[in-house]
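Listed here are the chains, written in short residue letters.
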Amino acid sequence: MTQQHVVVCNTKSSVELSVFPAVTAAQKPPVAGGGYISISRRPRRVLKNLEINGDQRINAWVESMRASSPTHLKSTTSSFTEEHSSWILRHPSALDMFEEIMVRSKGKQIVMFLDYDGTLSPIVEDPDRAFMSNSMRKTVRKLARCFPTAIVTGRCKEKVYNFVRLAELYYAGSHGLDIKGPTTTSKYTKDSKAEAVLFQPASEFLPMIDEVYQQLVDKTKSTPGAKVENNKFCVSVHFRCVDEKRWSELLHKVKSVLKEYPKLRLTQGRKVLEIRPTIKWDKGKALEFLLESLGFANCNDVFPVYIGDDRTDEDAFKKLRERGQGLGVLVSKFPKDTIASYSLQDPNEVMEFLQRLVEWKQVSMQASS
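Residues numbered from 1 in each chain as written. Predicted model: local features only at pLDDT ≥ 70, side-chain atom pairs only at ≥ 80, totals over all residues. Heavy atoms only, no water.

Caption draft 1: Representation of the pairing of strand β11 (residues 272-277) within the structure. Burial within β11 is extensive, with 6 of its 6 residues counted as buried. Alignment of strand β9 (residues 235-238) against β11, held across 4 bridges, turns out to be antiparallel. For Ser236, the partnering residue across the bridge sits in β11 and is Glu274. The turn joining strand β10 (residues 264-269) and β11, which pair antiparallel and follow one another in sequence, is formed by 2 residues; a positive phi near 55° is taken by Lys271. (Buried < 20%, exposed > 50% of the residue type's maximum accessible area, 1.4 Å probe, protein only. Helix = DSSP H or I, 4+ residues; strand = E, 2+ residues; numbered from the N terminus. Pairing = 2+ DSSP bridges.)

Okay, here's the thing in structure tokens:
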């Protein structure tokens, strides 16, 4: 009998959730119509699956790693200012365009989706010390009182929860492969005894992920600055503290491990390499699943806002474009390829934007009372 992962919801609310078939490592990824929401391929310029043979591919990865490095971008030519001005015209500040955004959301339910690293917390050399500020935590707590709010991250769900420590949020860890709903009462979870939303489409991959993690720890220990992080349903190899001259060496080591695991794929984020199951699931799918779990699967009166800083967040930005709803906000001080509509420079601007959202909601509620 096929195993299933059941999503449990509040029976007293109008939320209707689904039962999804479990995916085993031996099975092929499900196709559209088999219980998963269909999603088109990523833009071709985003490097995806690792091909095991050829230095040319390694060189392409290294160049991509350099291109996504803020320090690299900062040290390019004097035309940077002109390039940045042109980029801002295409992706204006969400703070500058706040009133316009609020006009677009009028009469709709705003639902907030937030990446963690680089969005709610600053990027730091040691990923275990990526703490969010107390003021950011207070702001996100207020935000969750006004709108359904989810953290969507590549981090292990438990680890990011320990950073955030807010029980009223939805958490989608491991790039959406591990989803859990609020564990405390709120206006969106009225029954305190209701079980939290729980969805883990790649549970059969856990033993494989653990194996790869242990092998990567052993393989990379001779590369100074490399840090391997087990994020439960994916493995992250951080190269932020690795000398750029040794990036190629690090990639070769990762390749040597992954060649024995064709069911896993390699993607690249901001100063990090991510090893994930090959199933068709990403942050865009997680966003759509959470909207469905909140009862907004086929609604025209919902306005999702996704804020993130990494390449993996592009899947969510793309999903919003496909739905024709809401908007994506890229967090970056530097011009980057993105399909997000707006931009914010850093977590401080993210906090200011969230604070303005809270104030806007409070004023709107007072005006309607």
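That was the structure; now back to the text.
Caption draft 2: Highlighting the pairing of strand β4 (residues 149-152). Side chains Thr149 and Ile151 of β4 all project onto a buried face; the interleaved residues Ala150 and Val152 project onto the opposite face, where all are buried too. Inspection of the sheet shows strand β3 (residues 109-114) paired to β4 by 3 bridges, in the parallel sense. The residue bridging Leu114 from the neighbouring strand is Ile151, located in β4. Between the parallel pair β3 and β4, the chain is carried across by helix α5 (residues 134-146), and the sense of this crossover is right-handed. (Right-handed = clockwise from strand over helix to strand, strands pointing away.)

Caption draft 3: Structural context of the nonpolar core. Phe113, Leu216, Leu264, Leu273 and Ile275 are the most contacted members of the largest nonpolar core, which has 54 residues in total. Top contributing element to this core by residue count: helix α8 (residues 247-258), with 6 residues. For Phe113, the contacting residues outside a window of four places in its chain are Ala150, Val152, Leu287, Leu290, Leu291, Pro304, Val305, Tyr306 and Ile307. Ile110, Val164, Val329 and Val350 belong to the second largest nonpolar core, which has 39 residues in total. (Core = buried A, V, L, I, M, F, W, Y, C linked by side-chain atoms within 4.5 Å. Contact = heavy atoms within 4.5 Å.)

Caption draft 4: Seen up close, the packing of helix α7 (residues 206-220) against α8. Where α7 contacts α8, the axes come no closer than 10 Å and their chain directions differ by 145°. Both α7 and α8 take part in a crossing whose hand is right-handed. Of α8, the residues touching α7 (which contributes Val212, Gln215, Leu216, Lys219 and Thr220) are Leu250, Lys253, Val254, Ser256, Val257 and Leu258. A class-by-class count of the residues in the contact of α7 with α8 yields 6 nonpolar, 3 polar and 2 charged. (Axes fitted to C-alpha atoms, helices over the stretch in contact; angles between N-to-C directions. Left-handed = near helix turned anticlockwise from the far one by under 90°. Nonpolar A, V, L, I, M, F, W, Y, C, P; charged D, E, K, R; others polar.)

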